[in-house]
Every structure is written in C-alpha cells, then in structure tokens.
Amino acid sequence: MGFARTCSVALVGVEGVVVEVQADLEPGVAAFTLVGLPDKSLTESRDRVRAAVVNSGGEWPQKKLTVGLSPASVPKGGSGFDLAVACAVLGAAERIDPRVLSDIVMLGELGLDGRVRPVRGVLPAVLAAADAGYEQVVVPECTAAEASLVPGVSVLGVRSLRQLIAVLTDEPVPEEEPDEPGRPDPMLAGLCVPGTGVGTGLAGAVDDAYGLDLADVVGQLSARTAVEVAAAGAHHLFLQGPPGAGKTMLAERLPTVLPRLTREESLEVTAVHSVAGMLPPGKPLVDIAPYCAPHHSATMQSLVGGGKGIARPGAVSLAHRGVLFLDEAPEFSSQTLDSLRQPLESGHVVIARSAGVVRLPAKFLMVLAANPCPCGRHTLLGEGCECPASVIRRYQARLSGPLLDRVDLKVEVEPVTRSELAGYGTPGESTRTVADRVRAARERAAARLSGTGWRTNSEVPGHALRTRWPASPGALDAAELDLERGFLTARGLDRVLRVAWTVADLAGRDRPSTQDVALALQLRTGISRGVPMAIGAAT
C-alpha cells in the first residue's frame, strides 16, 4: 500500500481553508476515486491529472487509487487542486518522496500537456497557508509575484509538472519552450473573468494615464467642495442635478483624489479582486482606490454578492477601499438599493447560503447620482418640466429615507452656464492640488485617531466625537436645533459632526468651529447657512 499527502487551499468567499490532499494506492482493479465534497470542476480533475502525469513522462499507477480532500465537510471547487492531487498520486506511487510533500501547499490547474495554468484567488490562498503555519508554497509561474506579496513564505513558481517533479526529486530541471513574442499568452486566461475590462467601470478609471483631472470640471464649486470633503473623510455623497451638469465627471474623478492605499489595504483589495478574477495582468498588487460603477439594471446578487453555491464578491466588495458609483440611482430597484444599508454601516456583507455563510469586505465610499425628475428639467429655469407632481414624488421616493440618512453629503449640481463653458470664470483646482490637501487632512485625522482603530472621521462613533474630541463651545447649537425641529435624526447629527471634523482637518483647525458645523449642515441638508461653499473660506 502506498500513501502520500500534501496540501492545497479551498476558498470560501475571500478567505481560505487549508485542505489536506491525501492519496492512497491499494491492490485491485485500476480506478480513480475522488472524495471530500468536490464540485463538478474538481471532479473533472481526475482526467486532467491522469493526462498531465502521462504527458509529463510519468507512469500512471495501475492500482485502486483513492484521493481524499480533508476536511471533508468544507465545500471545495475549482481547478486549483490539480497540482496537489498529481503530486500526492506521484508520492503514493513513490515517484516523489512522500516526506517532501507533507509541508508544501500547492496551487494550480494542470493542462493535459502538463503545463501549470494559473487560477484565481492565489493571494488569499497563500495568506491562509501562512496563517496556518506553512512556509513553502508552489504556484504557477505567472502568479508567483502575487504569492510573493505574503511575507514569510517561500514561493516556487513552476511552468509545468515536469519542472516541479524535477525540483522535488533533485533532478535537473528541464527548460520549457518560451512563448513566441508578440502572441497572447493563453496561460493568463485563468486569471480574468470575461467582461471585466475598462468598459465595465471596474478598472482603469483611477489610472492617471486616462487623464481624469478635476480641472476638467467647469464651475460646480459646491459639488467640487463636496467631492473634496467626501475624499478627505470617506463620507458618502449624493449628487442631484439635471442631465449634462457633470455628475458623472465628478464621480469618476473622486478616486484620483483619494490617497494611495496602505500596504494592509492593498492586500485586502488585491485579495478580493484576485478571487473575482479582476487583477490586471502584470500588476499583482492593487495600490490605488478601486472604482466600480454597475449599471442600474444590476441585480441585488450582483451588487452585494451571491451566486450558486459559495457566494462570490459583488460590486460592493469590488469597491472595497474605493468608490462605488450608482449613476441614475432611482432607476435601481428599491430592493437592490436597500440592500446597501447594512454594508454602509458595518463595512462588510454577510451572505447566508445553503452551502455556507460568507463574510465579504465592503468598506466603500458610495456616490449616488440622480436627476430631479424623470425628464430631468424639474429644477431648470426657463425649461418646462412636464412631469406631474405625483410622478416627481414617486421618482424621488425610490431613494428611501433610511438609505439617504446614511449619506453625509447631499449637493445640488447646477447646470453649467455659457460663460463658464467659454472659460471666462476662474478655473478649478487640479486633481494634484486637491489630492495634496486631502492627504494632509487624512494624516491630521490619523494622528488624532491613532491608537483607536479608526482611520477616518466617518468611522468614529458619534459618542466618541462628543466626549473625546468635542467641538468648539456653541458650535453645535444650530445642528441641535435642527434635531429638535425634526430636520435631523440622531444618526444625522452624528454625521454632521463627522463632516465638520473633516472640514476642520481640511482647513487646518484643531477642532470644528461654528462655521465648520454650518458648512457641514449646508452640505447635508442642502439649505443655505450663510457660509461660502469653499474650504477655508469662512474663518
């Protein structure tokens, strides 16, 4: 009897579970049995592994073969177990020393010719292996850079099963023929999901190479101020205005103002995008804020996550540590919009399915954009809106009160005038200028919140803001009066205080003043409080 074991990783959401792959050979009729709750793609690995071993120069054992995946209670899927299954079988056949395999984690799909193809989710899988105490990982060569992001783990990237066998048996490593230059690499097909390019709004909008600059936005002083405050404090934003006023332009330029992701945040974002198959080729680490703009026909499952079996990340998880832009927000279904209420508060999504419960990260900055009415001309002077009052109320009521109560900034985007388009006015600040001010404000907030676990003003509970970091005496009088009148809820008062702290950080003040709270109220309610809509203008 021959027995060998090695390890691989099963992904549950964006978290990994180390799986022991065991192979047992016994005398009897040649058969290959795979047990341990595999799905269809994993069951098919029996044929892939057999062909890969034979075409790599190995001899397939003509005995009764049983491969077990332990723990058997965890659902397992995908083709990433192929490499571990092949090596466990070769270890049981004594082609490889079984003692060498026991402390190695292997990830990769096998082609019929023995080539090792990449799989999605390498980073979270290697993170799970490192947390379990494993120090050696074997991955496909083109994902070795992604696996190397995890400290304390020795990563071996291989191009074929032949190379791995040679390394494990101390034999000369064969050279694989390089791909022809200029031809597309078919090996990268396993890393990407079709339809996840720039056109979907899931990538590319935060790259400076696309030339997105705030200076391109004409006029819109109030909206530009709201975008700056949203970026500095991670506050949710609602832009309402007629078509063509620049709502989408402002939302697309918001990620360019956000600071670069920290190392910890980059690993979180990269893990989600790796599982979803949206990592750009040649860039294993996402260090810029992601931007996700789903169409208004998106289902609730595509927005918060879901699917058959184990739930997969949705748009809110793909926008983790970045921006989720919902253009034409009233056109989304009310059930889809209300599903955002829980992740907006908690920063994560918990999805329960029959196959298990998955917790996905979802700490994003939400931007809503909407027209004032179905025709879009309700607030335009000199333009006739033909929408009945009942239709306008019904259209605006699609955004529920509890959802809007979680939005910190609500701004009316005015139509651009002829003189502004002609360039007669003062040009707006560039992205670089605003981004520097946002970064300074974030650093000021981080220094104040050091040791608390909070990083931005939007994360701080209202009780802590009122007790540990009080505003200037009398600064909250106007906000408390609005609370008594019913214009603000208790949650709304806390959010006004958070925005006031962000305004103070942008202006370089130690704590919010009466003017800062007035500007925060003006940004939240849309009612003029007699202060200029510009940071630092009211001192």
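To start, this report covers the structure provided alongside it.

So, how was this worked out
- Residues numbered from 1 in each chain as written.
- Predicted model: local features only at pLDDT ≥ 70, side-chain atom pairs only at ≥ 80, totals over all residues.
- Heavy atoms only, no water.
- Helix = DSSP H or I, 4+ residues; strand = E, 2+ residues; numbered from the N terminus.
- Buried < 20%, exposed > 50% of the residue type's maximum accessible area, 1.4 Å probe, protein only.
- Areas by Shrake-Rupley, 256 points an atom, 1.4 Å probe, with all protein chains shown as cover.
- Lys, Arg positive; Asp, Glu negative; His and termini not counted.
- Charge placed at Lys NZ, Arg CZ, Asp CG, Glu CD.
- Salt bridge = Lys/Arg side-chain N within 4 Å of Asp/Glu carboxyl O.
- Pairing = 2+ DSSP bridges.
- Contact = heavy atoms within 4.5 Å.
- Axes fitted to C-alpha atoms, helices over the stretch in contact; angles between N-to-C directions.
- Phe/Tyr/Trp six-rings, centres within 6.5 Å; stacked < 30°, edge-to-face > 60°.
- Core = buried A, V, L, I, M, F, W, Y, C linked by side-chain atoms within 4.5 Å.

**A closer look at the overall build of the chain**
- Summing up its helical and strand segments, the chain has 22 helices and 16 strands in all.
- Considered along the principal axes of its C-alpha atoms, the chain spans approximately 85 × 50 × 45 Å.
- Per-residue burial for the chain yields a buried fraction of 50% across its 539 residues.
- For the chain, the computed accessible surface area is about 23800 Å², with 51% contributed by carbon and sulfur atoms.
- Between the averaged position of the 53 positive side-chain charges in the chain and that of its 60 negative side-chain charges there is a distance of 5 Å.

**Description of the pattern of salt bridges**
- For the structure on display, the rule yields 29 salt bridges.
- Notably, a salt bridge pairs R260 with D287, separated by 3.3 Å at the nearest N-O pair. With R260 in the loop between α9 (247–257) and α10 (263–276) and D287 in the loop between α10 and β11 (291–292), this pair connects stretches of sequence that are 27 residues apart.
- You can call R260 exposed: its relative accessible area is 54%.
- Classification of D287 as partly exposed rests on a relative accessible area of 27%.

**As for the sheet that holds strand β10 (residues 237–240)**
- In space, the five strands of this open sheet follow the order β11-β12-β15-β10-β16, with parallel pairing throughout. The sheet is open, and its two edges are formed by β11 and β16 (409–412), each paired on a single side.
- Here β10 pairs with β16 via four bridges, running parallel. By the bridge assignment, F238 is partnered in β16 with K410.
- Against the sheet, α9 engages β10, β11, β12 (323–326) and β15 (365–370), with an angle of about 170 degrees to β15.

**Quick look at the packing of aromatic side chains**
- Applying the stated rule across the entire model yields one aromatic pair.
- Ring centres of F32 and W60 lie 5.7 Å apart, and the angle between their planes is 40 degrees; on these two criteria the pair is classed as tilted. Of this pair, F32 sits in strand β3 (residues 31–35) while W60 sits in the loop between α2 (45–55) and β4 (64–70), and the two are 28 residues apart along the sequence.
- The class for F32 is buried, based on a relative accessible area of 9%.
- When its relative accessible area of 11% is taken as the criterion, W60 is described as buried.

**Focus: the nonpolar core**
- One finds V229, L237, L239, V367, A479, V517 and L523 to be the most contacted residues of the largest nonpolar core, which totals 57 residues.
- Sort the elements by how many residues they give to this core and helix α21 (residues 490–507) lands first, with eight residues.
- Not counting chain neighbours up to four residues away, the residues in contact with L239 comprise A223, K247, L250, V367, L368, A369, A370, V411 and V413.
- With 38 residues, the next largest nonpolar core counts L25, L69, F81 and C87 among its residues.

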